[in-house]
Every structure is written in C-alpha cells, then in structure tokens.
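Listed here are the chains, written in short residue letters.
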Amino acid sequence: DLKTESQLVDLTDANSDYYNMSPLSVFNLFCEDQVIKCITDMSNLYASQKLKQQNTFENEYKLELAILMLSGYIPLDNRRTYGEQSVDVHNLAVSTARSVNRFEELLIYLHVCNNDKIDRKDSMAKVRPMFDMMNERFLCILAQRIPFGN
C-alpha cells in the first residue's frame, strides 16, 4: 500500500530525526560501507582488467562520490574547473581534498559490477548491484520511519 502524504516523514520538521543530521550523516545513512566496498572492489577490478593497477581504498571512492554529489549541487561547465584557484569557481573543500587529476583517474575506472559476469539481457546490468543495494537500504529506512498499519 502507498502511504498517504500525512504518513510520510517530513524532512523539514524540526522534530524529525533527519532535521539536524549533517550532510555526511545523511550520505552515510543511504550509502553504507557495503556500497562503498562494492564500488571500490569493482573499480579496482575494472582498472586491473584495463591493465591499470590503482589499488584504491574505500575512503577514496567515498570522497569521489561526495565530490560527484557536490558537482550536482554546484554545477560547473567542466570538472577540471573545481581545481582552479579563480575566485568565481574555486571550491576549497574539493581542491584541498583531491587533485583534479586523481579525481578524473578514479572516475575513469568507476564501476559497480564485474563486466565478465553481467547478464547481457538485463538493460541495467552495469548498475544492478548498486541499484539493488541502494534500493534495499531505502526500503529499510522507510520501514523504520514510516508507521505501518491504519
């Protein structure tokens, strides 16, 4: 059953568990360690399949996702612009966290599945592992927060 609007969690309500969460807490709520581990493992595998050993750690891909999310919130014409020092585009958080070259290198190998084991009939095969993990997490959060019953 779909819930009525009154049964949904109001994220703007100051009494809501979510209202005072930091951006990092919200990110961690939805993007658990299991998701980051999958991205890291599959990205390292893909890089090795392309004969590139990158041995990236989970904290690097967590940062990569954070920068990607920020780029959706503060869009610039070109990803390389995030590393510029110009006053109009400079982002201290991004430029001190990661070099633009490293960001782009990780982005090239960003993967969430093993290309050797995908179901060619599944149009979402390349994102299916992440989709399934995230969907499961969203459902768990909803089950905890939305009262069921009448």
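If you're wondering where the values come from, they're calculated on a predicted model, not measured in any experiment. (Residues numbered from 1 in each chain as written. Predicted model: local features only at pLDDT ≥ 70, side-chain atom pairs only at ≥ 80, totals over all residues. Heavy atoms only, no water.)

Chemist: What is the right way to look at the overall build of the chain in this model?
Modeler: Counting its secondary structure elements, the chain contains six helices and zero strands. Seen in sequence order, the chain has helices and strands lined up from the N terminus as α-α-α-α-α-α. Counting every position in the chain, which comprises 150 residues, the buried fraction comes to 32%. A separation threshold of at least 6 residues defines the contact pool for the chain, and within that pool the share at least 24 residues apart is 60%. For the chain, the computed accessible surface area is about 10400 Å², with 55% contributed by carbon and sulfur atoms. (Helix = DSSP H or I, 4+ residues; strand = E, 2+ residues; numbered from the N terminus. Buried < 20%, exposed > 50% of the residue type's maximum accessible area, 1.4 Å probe, protein only. Contact = heavy atoms within 4.5 Å. Areas by Shrake-Rupley, 256 points an atom, 1.4 Å probe, with all protein chains shown as cover.)

Chemist: Just checking my understanding: could you explain the packing of aromatic side chains for this structure?
Modeler: Pairs of aromatic rings are described using the distance from one ring centre to the other and the angle between the two planes. One pass over the full model with this rule turns up one aromatic pair. Judged by centre distance (6.1 Å) and plane angle (55 degrees), the ring pair of Tyr 46 and Tyr 109 falls under tilted. Taken together, the residues Tyr 46 in helix H2 (residues 33-49) and Tyr 109 in the loop between helix H5 (100-108) and helix H6 (128-145) connect sequence positions 63 residues apart. In terms of burial, Tyr 46 and Tyr 109 fall into one category: buried. (Phe/Tyr/Trp six-rings, centres within 6.5 Å; stacked < 30°, edge-to-face > 60°.)

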